[in-house]
Amino acid sequence: MPPLKITRPSSHLSSSATTAAAATTTWYTPPPPNHQTQDPILLTLSHAIKDSQTKPLKKLIPSLTPTHIINLINLNPLSLPPLSLLSFFTHLSSHPPFRHTLHSYSTMAHFLSSHQLHSQAQTLIHVLISRKGKDSAASVFASLIETRGAHQSNFVFGALMNAYIDCGFIPDAIQCLRLVRKHRISVPFKPCGRVLDLLMRSNSPAVVWGFYLEILACGFPPNVCKFNILMHSFCRDGRVGEAKVVFDEIGKWGLRPSVVSFNTLINGYCKLGDLGEGFSLKRVMEESNVLPDVFTYSVLINGLCRDSRLDDANQLFDEMSERGLVPNDVTFTTLINGHCKNGRTDMAMEIYQQMLSKGVKPDLVMYNTLINGLCKKGVLSDAKNLVGEMTERGLKPDKITFTTLIDGFCKEGDLNSALEIRKEMVKEGVELDNVAFTALITGLCRAGRVTDAERTLREMLRVGMRADDATFTMVIDGFCKMGDVKMGFKLLKDMQNDGRRIGVVTYNVLMNGLCKRGQMKNAQMLLDAMLNVGVVPDDITYNILLEGHSKHGNSEDFDKLLRGEKGLVLDYASYTSLLSSSDKTSKDRYKR
């Protein structure tokens, strides 16, 4: 059989056939299927596709335009199978310079959808959107509307939204929804649900709420869980008023608020400190036959504890138990923490025992809360006993546990126990933090073990932690009180090398050390250095110098100081105190 010969339509062909062959960019409206005159290119092309004749196809391709493909899909003169047309459509994409247009893609998508080839139609639209990119919703949607013809399937519009969602172009997907509504096409709910879920992961609850209301108005099925998530998002941002608006909308859509709905809003109000609204909602909850649960009570008890209303918290706790609800570890920890913060450690321990009797297992947070309360109260033996109980229950002390104990023992002056705790930390591989180091340095300074304090400070710096100015000053003061002012100045230099701006308190500590040793010239030099770097002396500086000059200086310097030279402020009470007693004692704010 000789190869097919392809000829261009001559001038004697009908005007409609000539138009079909010549059109390249203008939109072509095909003649009805029963039109007697067929474009010979379409017939030749159809036969070649039907018989899988590759040679004629190769010759045809250079002469084809997107309009030919659109007409082939719409007319399909030989009723070719849809998958054969799709295969040819895809084949053309890999034969430049031929390029499909937006309209040819849209036509094929409708064609596939009308033949129930939905997965193929979705894939085709996805390819189209990946090429068109974002901000293309208006043009692609317009093309789908123009090529819709007699196709009644709305699948392509949902597929378009899905394609934009898959590509991450959410604004385009939302624009598609609005165009669907504008053209009175049935809204595709599944893609709408996907957009809603994606928006809910964002940090813009107002945007999510606006979109949710929009799709609800289209008939999207309402869901209490979605309302609850939105309320939680608003409450998380402290926008409880807007969460209340969402709560009030639940009933308008034929739903009933769940216990989670109430709890979310109650929690929001309690976090803002508005316990009145929280308890008001609890009453509404009970009137609506929605029973408060453990979370409801825990949230309200926590609010009462934060407000130091511990008796009310205990009363609510009793009510909870009377209703047959078993408090969980969060409820117990909340109450224990409230009592510990208010110094009521006896009550906290009583609640702890009650917790054990109900079979609720304490966790590390609860133990740390109790240990902290006991340490602050100075009941260190009970705190140590709790650590023992904790260990017996299989819970290992963590950094918070150890640090709390170190701080407690140091404040009570039991430095040996604090150091033992530190050894245990090292043994367990738990690193000291700023709080633990600072507590140890403070305790060592108070015990007069300044050298050990300085060594601990160096260790703290060596492991990459930054000691605050008060910690440095404490160690400097310790050395100065020992008479080792030289070491104090060495630490001052370390502070300066670290780029710190030295404050007046640190200078006063060094000034006091110099004056106590009668080094008044050095004290004067330090005063000049203070002034040069812009540190303004205070009344303590004056008092230190006044006492130093009265004991170790000459009368001329003492007189100058009394006259207020160098801009120093006279603290009259200290001045009269100095002159009224023979031993010239002065209040010293730096004695520890």
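Being a predicted model, the structure only gives us computed values, none of them experimental.

**Examining the overall build of the protein**
- Each helix and strand in the protein was counted, giving 33 helices and zero strands.
- Out of the 592 residues in the protein, the part that is buried amounts to 46%.
- Accessible surface computed for the protein: about 29,700 Å², of which carbon and sulfur atoms make up 52%.

**Considering the environment of His 552**
- Turning to its location among the elements, His 552 is positioned in helix 31 (residues 539–552).
- The exposure class assigned to His 552 is partly exposed, which follows from its relative accessible area of 40%.
- Distance in space between the C-alpha atoms of His 552 and Gly 518 is 5.3 Å, their sequence separation being 34 residues.
- Residue contacts for His 552: discarding those within four places in its chain leaves Cys 515, Lys 516, Gly 518 and Met 520.

**Considerations on the confidence of the model for the protein**
- When pLDDT is averaged along the protein, the result is 85, and 86% of the positions lie at 70 or above.
- Every residue in residues 1–37 is under pLDDT 50, and counting partners more than four places away or in other chains gives 40 contacts.
- Counting contacts from residues 565–592, a segment whose pLDDT is below 50, to residues more than four positions away or on other chains yields 46 contacts.

**Here's the deal with the packing of aromatic side chains**
- Counted by the stated rule, this structure contains eleven aromatic pairs.
- When the ring of Phe 189 is compared with that of Phe 220, the centres are 5.8 Å apart and the planes differ by 85 degrees; the resulting orientation is edge-to-face. One end of the pair, Phe 189, is in helix 11 (residues 189–200); the other, Phe 220, is in the loop between helix 12 (205–217) and helix 13 (224–236), with 31 residues separating them in the sequence.
- Phe 220 sits in the buried class, given a relative accessible area of 11%.

**Focus on the environment of Leu 112**
- The topology assignment puts Leu 112 in helix 6 (residues 102–114).
- Spatially, the C-alpha atom of Leu 112 lies 9.3 Å from that of Gln 122, the residues being ten residues apart in sequence.
- Not counting residues up to four positions away in its chain, the partners in contact with Leu 112 are Leu 86, Leu 117, Gln 120, Ala 121 and Leu 124.

**What to know about the pattern of salt bridges**
- By the definition in use, this model includes 27 salt bridges.
- With its nearest N and O atoms 3.0 Å apart, the salt bridge here joins Asp 248 to Lys 244. Pair noted here: Asp 248 and Lys 244 are both in helix 14 (residues 240–252), with a separation of four residues, about one helical turn.
- Judged by relative accessible area, which is 39%, Asp 248 ranks as partly exposed.

**A closer look at helix 5 (residues 82–93)**
- With twelve residues, helix 5 extends 17 Å from end C-alpha to end C-alpha; this agrees with the ideal 16 Å at 1.5 Å per step.
- Looking at helix 5, one finds that the buried residues are Pro 82, Leu 85, Leu 86, Phe 88, Phe 89 and Leu 92. Buried residues of helix 5, seen end-on, are gathered within an arc of 165 degrees and therefore sit on one face of the element.

**Thoughts on the packing of helix 11 against helix 12**
- Orientation of helix 11 relative to helix 12, taken along the N-to-C sense of each, is 165 degrees, at an axis distance of 10 Å. If you check the angle between helix 11 and helix 12, you find them roughly antiparallel. Regarding helix 11 and helix 12, the two cross each other, and that crossing is left-handed. Listed contacts from helix 12 to Cys 192, Val 195, Leu 196, Leu 199 and Met 200 of helix 11 are Val 208, Phe 211, Tyr 212 and Ile 215.
- When grouped by side-chain class, the residues that make up the contact of helix 11 with helix 12 number nine nonpolar, no polar and no charged.

Calculation criteria
- By convention here, each chain's residues receive numbers from 1 onward along its written sequence.
- Given that this is a predicted model, residues contribute local features only at a pLDDT of at least 70 and side-chain atom pairs are listed and counted only at 80 or more, while totals for whole chains, interfaces and linings are drawn from all residues.
- Excluding hydrogens and water, the side-chain values take into account all heavy atoms of the structure.
- Each helix corresponds to a stretch of at least 4 residues labelled H or I by DSSP, and each strand to a stretch of at least 2 residues labelled E; elements are numbered beginning at the N terminus.
- Under the scheme applied here, a residue whose accessible area is under 20% of the maximum for its type counts as buried, over 50% as exposed, and between as partly exposed, the area being computed with a 1.4 Å probe on protein chains only.
- To be clear on the numbers: accessible area is Shrake-Rupley with a 1.4 Å probe, and residue cover counts the displayed protein chains and nothing else.
- Note on contacts: a residue pair qualifies if any of its non-hydrogen atoms lie within 4.5 Å across the two residues.
- Confidence scores per residue from the predictor, reported as pLDDT, run from 0 to 100.
- Under the pairing criterion, centres of Phe, Tyr and Trp rings, with the six-membered ring standing for Trp, must be within 6.5 Å; the plane angle then separates stacked pairs below 30 degrees from edge-to-face pairs above 60, leaving the rest tilted.
- Any Lys or Arg side-chain nitrogen located within 4 Å of an Asp or Glu carboxyl oxygen qualifies as a salt bridge.
- By this rule the span expected of a helix is its residue count minus one, scaled by 1.5 Å.
- The directions from the helix axis to the C-beta atoms are what the arc is built from.
- The axes are straight lines fitted to the C-alpha atoms, using for helices just the contacting stretch, and the angles between their N-to-C directions are given from 0 to 180°.
- Relative orientations are named as follows: roughly parallel for angles under 35 degrees, roughly antiparallel for angles over 145 degrees, roughly perpendicular for angles from 65 to 115 degrees, and oblique for any other angle.
- The crossing is said to be left-handed when, going from far helix to near helix, the turn is anticlockwise and less than a right angle, and right-handed when the turn is clockwise.
- When residue character is reported, Ala, Val, Leu, Ile, Met, Phe, Trp, Tyr, Cys and Pro are called nonpolar, Asp, Glu, Lys and Arg charged, and the others, Gly included, polar.

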